[in-house]
Amino acid sequence: MAEGKLDLADGLISSKSSDQSWTAKVAGAFEGSVFTHSDVKPGMVVKAKVIAVNSFGAIVQFSSGVKALCPLRHMSEFDIVKPRKKFKVGAELIFRVLGCKSKRITVTHKKTLLKSKLGIISSYTDATDGLITHGWITKIEKHGCFIQFYNGVQGFAPRQPGCDASLMYHVGQVVKCRVTGSVPASRRINLSFILKPTRISEDDMVKLGSVVRGTVDRVTPHAIIVNVTEKCCLKGSISTEHLADHQGHVALMKATLKPGYEFDQLLVIDVEGNNVILSAKYSLINSAQQLPLDLPQIRPNSVVHGYICNIIETGCFVRFLGRLTGFSPRHKAMDDQRAFCSESFYIGQSVRSNVLDVNSETGRITLSLKQSHCLSTDASFIQEYFLLEEKFSLIDFEKCACLIVSLVQPDSLCTIWYIAKLQLSDSKDSELKWVEGFNIGTIVEGKVHEAKDFGVVISFEKYNDVFGFISHYQSNGIKAERGSTVQAVVLDVAKTERLVSLSLKAEFLDRHKEESSNSQTGKKKRRREAYKELQPQQPVNAIVEIVKENYLVLSLPEYNYAIGCASVYDYNTQKVPQKLYLHGQNVTAIIMALPSPSTAGRLLLVLKSVCEAIETSCSRRAKKKSSYNVGSLVQAEITDIKPLELRLKFGIGFHGRVHITKVSDENFSENPFSNLRIGQTLSARIVAKANKSESNSKHHQWELSIKPEMLTGSIEVENKLVDAEFRISTGQRVAGYVYKVENEWIWLTISRHIKGQLFILDTSCEPNELQEFRKRFEVGKAVCGYVLSANKEKQLLRMVLRQFSVSDGMLNGKILNLDDQRSNSPFENLIPHIREGDTLGSRISKILPGVGGLLVQIGPHLYGKVHFTELEDSWVSEPLSSYHEGQFVKCKVLEISHSEKGTVRVDLSLQSLLNGMHNSRVEKIDNLHPNMLVQGYVKNVTSKGCFIMLSRKLDARILLSNLSDGYVEKPEREFPVGKLVSGRVLSVEPLSQRIEVTLKTSSATRVTNSRANDFSSILVGDIISGTIKRVESFGLFITINETNMPLSPSIKRLFSRRKVPPYIFTSIGLCPVDVGLSNTPPHIEVGLCHKSELSDDLISNIETKYIVGDGVTAKILKVDEERHRISLGMKNSFVKEPTQENGFVDGTQLSTFQENNSHEILNLDIEYEDKEYPVLSQAESRASILPLEIDFDYVDHSNLDDTVSQNQILTNEANTMNEKNKRQAEKKAKAEKEQEIRAAEEQLLQNDAPRTADEFEKLVRGSPNSSFLWIKYMALMLSLADIEKARLIAERALRTINIREESEKLNIWKAYFNLENEYGNPPEGAVMKVFQRALQYCDPKKVHLGLLGMCERTEQHKLADELLAKMTKKFKHSCKVWLRRIQFVLKQHQDGIQSIINRALLCLPCHKHIKFITQTAILEFKSGVPDRGQSMFEGMLREYPKRTDLWSVYLDQVIRLGDVDIIRALFERAINLSLEPRKMKFIFKKYLEYEKSLGDEERIESVKSKAMEYANSTLA
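Owing to the predicted nature of the structure, the values given are computational and were not obtained by experimental measurement. (Residues numbered from 1 in each chain as written. Predicted model: local features only at pLDDT ≥ 70, side-chain atom pairs only at ≥ 80, totals over all residues. Heavy atoms only, no water.)

Undergrad: Residue-level account of the environment of Lys548, with values.
TA: Along the polypeptide, Lys548 turns up in the loop between strand E26 (539–547) and strand E27 (551–556). Each C-alpha atom of the pair Lys548 and Cys565 lies 9.9 Å from the other, and the pair is 17 residues apart in sequence. In contact with Lys548, other than residues within four places in its own chain, are Asp492 and Ser501. A distance of 3.5 Å separates a polar atom in the side chain of Lys548 from a polar atom in the side chain of Ser501. (Helix = DSSP H or I, 4+ residues; strand = E, 2+ residues; numbered from the N terminus. Contact = heavy atoms within 4.5 Å. Polar contact = N/O pair within 3.5 Å; in protein donor to acceptor, adjacent residues only side chain to side chain.)

Undergrad: Describe the sheet that holds strand E39 (residues 782–791), with residues and values.
TA: Read around the closed barrel, the 5 strands follow the order E36-E37-E38-E40-E39; overall the barrel is mixed. Ignoring strand direction, the axes of neighbouring strands in this sheet form an average angle of 50 degrees. Across 4 bridges, strand E38 (residues 755–759) lies against strand E40 (residues 796–800) in parallel orientation. Paired with Gln757 across the two strands is Arg798, which belongs to E40. (Pairing = 2+ DSSP bridges. Axes fitted to C-alpha atoms, helices over the stretch in contact; angles between N-to-C directions.)

Undergrad: Go over the packing of helix H33 (residues 1267–1279) against helix H35 (residues 1302–1319), please, and point to the residues and values.
TA: Two elements in contact, H33 and H35, have axes separated by 9 Å at closest approach and are oriented at 15 degrees. With respect to H35, the element H33 is oriented roughly parallel. Crossing geometry of H33 relative to H35 is assigned as right-handed. Residues Ser1267, Phe1268, Trp1270, Ile1271, Met1274 and Leu1278 of H33 pack against Glu1304, Asn1307, Ile1308, Ala1311, Leu1315 and Tyr1319 of H35. A class-by-class count of the residues in the contact of H33 with H35 yields 9 nonpolar, 2 polar and 1 charged. (Parallel < 35°, antiparallel > 145°, perpendicular 65-115°, else oblique. Left-handed = near helix turned anticlockwise from the far one by under 90°. Nonpolar A, V, L, I, M, F, W, Y, C, P; charged D, E, K, R; others polar.)

Undergrad: Residues and numbers for helix H36 (residues 1323–1335), please.
TA: An ideal rise of 1.5 Å per residue puts 18 Å on 13 residues; H36 measures up with 18 Å between its terminal C-alpha atoms. On its buried face, H36 sits against H35, helix H37 (1340–1353) and helix H38 (1357–1370). (Expected span 1.5 Å × (residues − 1).)

Undergrad: Could you give an account of the side chain of Arg1464, with specific residues and numbers?
TA: Of note, Arg1464 is situated in helix H44 (residues 1460–1471). A residue is classified by how much of its surface remains accessible, and Arg1464, at 18% relative accessible area, is buried. Apart from the residues lying within four places of it in its own chain, the contact partners of Arg1464 are Tyr1487, Tyr1490, Glu1491, Leu1494, Asp1496 and Arg1499. (Buried < 20%, exposed > 50% of the residue type's maximum accessible area, 1.4 Å probe, protein only.)

Undergrad: Go over the environment of Ser328, please, and point to the residues and values.
TA: Along the polypeptide, Ser328 turns up in strand E18 (residues 325–329). Once the C-alpha coordinates of Ser328 and Ser353 are considered, the two residues, 25 residues apart in sequence, prove to be 8.6 Å apart. Ignoring anything within four residues of it in the chain, the contact list for Ser328 reads Thr314, Gly315, Cys316, Ala333, Leu367, Ser368 and Leu369.

Undergrad: Tell me about the pairing of strand E43 (residues 863–866), residues and numbers included.
TA: Across 4 bridges, the pairing between strand E42 (residues 854–857) and E43 is antiparallel. Bridge pairing in E43 links Gln857 to Tyr863. Hairpin connection, E42 to E43: the antiparallel pair is bridged by 5 residues. Where E43 meets strand E45 (residues 904–909), 2 bridges bridge the pair, whose relative direction is parallel. What sits directly across from Val866, in E45, is Leu908.

Undergrad: Go over the sheet that holds strand E21 (residues 443–452) with me, naming the residues and quoting the values.
TA: Read around the barrel, 5 strands follow the order E21-E22-E23-E25-E24 and close on themselves; strand pairing throughout is mixed. Ignoring strand direction, the axes of neighbouring strands in this sheet form an average angle of 50 degrees. Alignment of E21 against strand E22 (residues 455–459), held across 5 bridges, turns out to be antiparallel. If you follow Val448 over to E22, its bridge partner there is Ile458.

Undergrad: Can you tell me about the environment of Arg323, naming the residues and giving the values?
TA: Note that Arg323 resides in the loop between strand E17 (315–319) and E18. Excluding its chain neighbours within four sequence positions, the residues that come into contact with Arg323 are Asp270 and Glu272. Within polar-contact distance, the side chain of Arg323 engages the side chain of Asp270 at 3.4 Å.

Undergrad: Outline the packing of aromatic side chains, listing residues and values.
TA: How two aromatic rings sit relative to each other is given by the distance of their centres and the angle of their planes. Evaluation of the coordinates by the stated rule reveals 28 aromatic pairs. Ring geometry for Phe317 and Phe327: centres 4.8 Å apart, planes at 50 degrees, overall tilted. Within this pair, whereas Phe317 is found in strand E17, its partner Phe327 is found in strand E18, the two being separated by 10 residues in sequence. Residue classification places Phe317 among the partly exposed residues on the basis of a relative accessible area of 27%. Joined through ring pairs, the aromatic side chains of Tyr385, Phe386 and Tyr551 make up one cluster. The side chain of Arg602 reaches across the aromatic face of Phe386, ending 4.0 Å from its centre. (Phe/Tyr/Trp six-rings, centres within 6.5 Å; stacked < 30°, edge-to-face > 60°. Lys NZ or Arg CZ within 6 Å of the ring centre and 35° of its normal.)

Undergrad: An account of the confidence of the model for the protein is needed here, citing residue identities and associated values.
TA: Residues of the protein with pLDDT of at least 70 account for 76%, and the chain-wide mean is 76. At the level of individual helices and strands, the protein shows its lowest average pLDDT in helix H28 (residues 1147–1163), which scores 32, and its highest in E17, which scores 94. (pLDDT = per-residue confidence, 0-100.)

Undergrad: Outline the pattern of salt bridges, listing residues and values.
TA: Per the counting criterion, the structure on display carries 47 salt bridges. Of the charged contacts in the structure, one is a salt bridge between Glu895 and Arg952, with a shortest N-O distance of 3.2 Å. You can see Glu895 sitting in strand E44 (residues 888–898) and its partner Arg952 sitting in the loop between strand E47 (945–949) and strand E48 (955–959), a full 57 residues away along the chain. Here the salt bridges do not stand alone but share partners, grouping Glu895, Arg905, Asp907, Glu923, Arg952 and Lys953 into one network. (Salt bridge = Lys/Arg side-chain N within 4 Å of Asp/Glu carboxyl O.)

Encoded structure:
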């Protein structure tokens, strides 16, 4: 301790000259070493200027502009009253950095710390054993000092024995200390002020839990200092509370102790350095082998001795060996819940604790101190009392007597106080020989010294300081006069007080007279025989003879009035008020120990009221004799009422319980225990013995029932009480009581063995009730429900509150078997309690993207889907805005469907009035008709139009031309997915389930409606005329005129002339619109003439023979009204056929008509815009692309046969082609047709978005390597909630895509990751399985990055962190991986960036270092600490000062921060570099642009002048 003071003095005493020289030296060494906060390190010495002085300290600034705080306590070695006199603003001083946290730098100006050359402690790992360092005191307690070091590290130095730390040290003092031990994980450092520790060999050390001897060295107010006898170099201390188990003996023990007294047994309970903490408690010494030293040694349900080390309002702390401490909550500490811990316990009290729980993770031990759980099983408590009393009598009798007189109040215990006064006045001999003459049970003779109101005091001739006392109860009615001689029987001897309790009762004297007739040997034999009949653990009846403060003196009438002692307290009840006992009171006790030297010659007993629950050997024998069996009727007393059971006791030591379901005959009773009270006696019938696994306690040995039907009549209990089989059926109504409420489940007890569980969503259909789920179901609440399923093995029922029909459990004629409800059962997806039309409570599980609707949970593992059109009662915009995930909603079941694989699909609706909304939600296509007004939400948008959802089953198509009356430039922007639109039905096709809608006004849709009606007038075989709209390699698109009705040749000739008056057509019975001369445009249809139908001869090149705009004549070969498509033929064999109906005689006339009128037809003014005529628009769209609309309907089998037959005829006529040429021609024709079909399928995808699985199947067969198609296909299945089908599509795509298409396969793997992450069970495990598979097929680095992107996107930070840790090891040479690691750490605001950078630079190749550091610095500027990024750029520019790319990036990042001073300083540094003119021009230009952005004309001119100076200097 003296060394610490000398070190402090040495640090304070220094000459002024040495201080100045040292200051100058330090200033020269460290000036300018700090640029940013990241450059500051704890312990470094810096030079700073004082810029402000306040009451809390001084603000100083380094040369680089970084500021720091010097707290008031660190401005000097001593307290400063006026800090402004010590620190003057503008003064430059030397400081030492204490720490830097969150850009807050703390420094000190204490001279001792500034000049210290000892090692510093800046982290808990720096504290190595034996390290000597400087620190400063932050707090002084009575048990030691708290010392702080650099960077906030703190340690503790315990108080040395006999020293007062508060008198030797003060807060803020710099001290030199030594590290004696540290635990970095617990942030603990043990210190000592003794710099040179006393070296103690391992042989001289003692272990915790060992028993040693010791000699008292000195007595202090709070402890006894002893020298450990076995270890000559060790000293120990015994706190006052550890001198004895009994609180009353502590003061006596301490008062009588003096130096030189030897303790035979002391327990080592803790070791603090060289100081040993000892205990003299007999309870701890006797159980030293069982006391736990660390957590693994503690076993639950065991009873362990300990002592109270602290008491708080909520409970008590119990300590064992070392620092091992447990906690007993208040409700576990006392049987009386109304009492307070401070009223029932005291610090240092010896207790017995029952271990309830041991948590190895948190290191917490939960204890019970209830007397009912921790009662003594032996007489050790009272035995220690008598042994310690005997020891007191050996120490110093006069001191004990004086202490008794001073402690005991005269009006409280008159006997003890009065006799102690007599003993002090007559004390002459303090030997213990007098005890031999006062054996318990013997007769002694004495004289009446004095008669008092409270009894008679007896004196003895041989022993002047020993007195006897006879109470009025023991006087037997005899009045003794003063000076008379009496003979009395010794009942008790108080050796400390030298007081003998006597009795004149006849039963004791008569027993002695009978014994006196025998010889001395006979007396001893008779006495031994009397005690021989007694056995330990034997219950006996006793009479209270004497009531002492701490124990009772009892007599046993059944055993010749043997005398014994029983304690009225126990370890845990020393402060608890005990029952009052009266003289002559009959009590029941249990014999614990027979008289022996270890019991101070006394017979020791335990009162049954204190130790009622001990199961003795006698009680076991009594139980064996009992005839209690299952079915027996007993009278039992209620000892406790729990929420779900009654606790009872009956017979001799028998305990049982009544389950809540065994109280009333009614199946459903709200509160069966309402009429029962504790202490009430009632009849009960034993129904069973409790299983050993149910409880380790002996309190619940029997299961009872108090049902009236069980108590009346003679019945076969075994057959009525317990069901031999688990007979529960689906739909059965059962009642139970809540015994546990979890987050989503209610657990019910149906009977003693059968449990039930109720899911949260099955408790109500109202959202507000589901929200208050826990409040509605409290423990003990009665609940009635219906059985949904049952598990016979676990005896567990799955229940619902709604009644349902049992027939709903049938599937294909099979009744749902409850025993088959396993995970692999085919019935696991059956939902017999849910039917169409039911109203359910549900919870939103996921909001599906786009217009997918909601995924709603309606059961533990059952989900339903709410269609986008079923979210609100009326058509509203953005119906999803009022919903969020986890929200409870009320839904209605619309449809339940079962798939062949056993999966269940449930369609739900959130509409409150579903029946009233049928007018606006059209469920069937038959309810639609043209011109009907409808509303819907946009489902999909393409360049050709969009699809809208009319209801959950009906979609409609809107062509681009029907989206608006005006021109729509970007349909995706004006009609986003989910937009609510209103329109009118154009056409309905029930067979193909196709609906066409227009958003135009009614006038703009008349033509389309009439077109649909007039299309049926086109007949197969008609000869029509038209104009070539488009020429393709596979055929011609022909615009057909006058499609409303076939015209005669004369009318056609008139129709071909432009200037025919309309009345002419009217006169012949035609409407002008029929011939195209009305103001209303005619309906234009477009047909396709395949190249095989163009001519009877083979045409090699169609483009050269036919020109767009040519008029042609063709025959209608096929009409597809459903798809509005027309197939045409232009062969001569078609048009040469004579037809009287059309007026043509031969083909010559027809060709002449075509040639003469082709020009006029071309000049006919029938040019119409696409947006006015949707029919023409559709035809043109088909004509302007590759064979998009060509499908197998156009190229039917009849046409193919005709083509082949005609080709064969031409071949036979020519006779110039041999067989080889035939085969080549056929092969070429087949290849061309295949190419046409493939082109048609590809174009189909571009124009019409696929909406069904069949359409996608057609597409993926055409483009098997397109990951885009496969992923869209998967998305379609997910939108239909078919998860398994989506997985199968992903697996199929991985097998189908070519192995060379690695990027396409990687896209599928990424989609597979997202799929399993959303729907896997469990998601993490499912994703990792797919991930391991992907590593085998694709580039591992790309696969890892793909999985990482998924984790970051879904905010799975823990998984992303683990994945990045693996990636940095596996791909340590990848700059991209390290940058992703740094980016993740910065986004999570974690520490340790510098360690990652250091690792990366060690692993990456040299040529990647600049790239890595640059990107890391940019990340720091954007997401991290800009100062760190600035330091990185500074470091690179020191190495590469002439790299303008680094300067450019650095300047951009600094400009983004906006600190004008720093930006201009950086520009000034850059323009002063010696670079080539091209690079300098770049820097000056950038500098000028920045100043122009600020608008400072003076700075702009300054930059220009500096640029001119550089240019002039360069030219010179």
